[in-house]
Amino acid sequence: MGDLAVGARSGHEGPEERPGRSDEPGVEAAAGGAHPGSDPADGDGAKSEQDAKQPKKPRSFWKELPLLIGIALVLALVIKSFLVQAFSIPSDSMQNTLQQGDRVLVDKLTPWFGSEPERGEVVVFKDPGHWLDGEPTPDPNAVQRVLGWIGLMPSADEKDLIKRVIAVGGDTVECKGTGPVKVNGKALNEPYVFPGNTPCTVDDQGGQFKKTVPKGKIWVMGDHRQNSLDSRYHQNQPGGGAVPVDNVVGRAIVIAWPPTRWATLPKPDTFDQPGINALSSAAPGVLGLAGAVPLVLWRRRRLTVAAARGARVSGGSTAG
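Summary of the structure given here.

## Side note on unusual backbone geometry
Here is step 1 of the chain: Here the bond from Gln 95 into Asn 96 is cis, since omega is -5°, no more than 30 degrees from zero.
Here is step 2 of the chain: Looking along the chain, the bond that leaves Trp 257 and enters Pro 258 is cis, with omega of 0°.
Here is step 3 of the chain: Looking at the secondary structure, you find Pro 258 in the loop between strand 11 (248-257) and strand 12 (263-264).
Here is step 4 of the chain: Positive phi is not limited to glycine here, since His 130 has a value of about 70°.
Here is step 5 of the chain: We classify His 130 as exposed; its relative accessible area is 54%.
Here is step 6 of the chain: Its identity as a non-glycine residue notwithstanding, Asn 184 has a phi of 55°, on the positive side.

## Brief notes about the packing of aromatic side chains
Here is step 1 of the chain: Tallied over the entire structure, the rule returns two aromatic pairs.
Here is step 2 of the chain: Summarising the aromatic geometry, the rings of Phe 209 and Trp 219 are spaced 5.1 Å apart at their centres and angled 35° between planes, so their arrangement reads as tilted. Residue Phe 209 is found in strand 8 (residues 209-212), and its partner Trp 219 is found in strand 9 (residues 217-221); the two are separated by 10 residues along the sequence.
Here is step 3 of the chain: By relative accessible area, Phe 209 is classed as buried at 7%.
Here is step 4 of the chain: Note that Arg 164 overlies the ring of Tyr 192, its terminal NZ or CZ placed 4.0 Å from the centroid.

## Overview of the sheet that holds strand 6 (residues 182-183)
Here is step 1 of the chain: The sheet built from four strands is open, its strands ordered 7-6-5-8 with antiparallel pairing. The sheet is open, and its two borders are formed by strand 7 (186-187) and strand 8, each paired with just one other strand.

Rules used throughout
- Residues numbered from 1 in each chain as written.
- Predicted model: local features only at pLDDT ≥ 70, side-chain atom pairs only at ≥ 80, totals over all residues.
- Heavy atoms only, no water.
- Helix = DSSP H or I, 4+ residues; strand = E, 2+ residues; numbered from the N terminus.
- Buried < 20%, exposed > 50% of the residue type's maximum accessible area, 1.4 Å probe, protein only.
- Phe/Tyr/Trp six-rings, centres within 6.5 Å; stacked < 30°, edge-to-face > 60°.
- Lys NZ or Arg CZ within 6 Å of the ring centre and 35° of its normal.
- Pairing = 2+ DSSP bridges.

Have a look at this one:
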């Protein structure tokens, strides 16, 4: 009985013999353990494709952190060098527009495109020479130095000042008595001057003056007129108190810190009054006239030549 059971399961009789027959198509493939019509290489390709579709395991945060820090440092340096930089206000010379301890953001991009400071703008500029003599030197710690170097904090090593541009190259600026300040003979209405101050200071150290600003330079004054050692008080130094345009770092555009002091720093309307900008406002008209004259002369010459040619043609036909 046991042999019969084994024989019945061995495939020697009945339909179960078909998979083992060598004369049927696909027997050799089946004997090799593959299904008829299948290619063993197809299985390996499908497996590789599945492996490729599986997402790679992301690297850990700690492995990514050095790369993120490196990118952040590079971006900070680029922004500081070419776009925007933060500066700290160290004194009260620009009150009440700026208070001591304010942080301002300075636009450094515009000067790269050839733009020069305009009247009324608040600008940061490098010390033209000995303006900061005697001023206390800050002593930052190591962390502050690093943050200042990459632009996340104001740098303590840079000798910069911040004032308002009152006149530019070619302007005549003057102060008589207590004011007002005059630019090119036009009196300025200066609402930004510190309350209680007079626009001009009555003293014999520079508060009374009349000065024509050299080309390529600017005349700067603090908004706290009686507490600002600005262009007025450096007239006896090289440059006569005027600051070279090349020394300008950029224009202060916004008070960024503290949040309660957030404000933009627009150019006052007083500098747009007629007469102050007489030269610059006339420039477009002069340029337009200069461009129109050659065009008119060229057109008249064409009409004259055409008329002469028409006369010759008409005369020839009549003679004929």
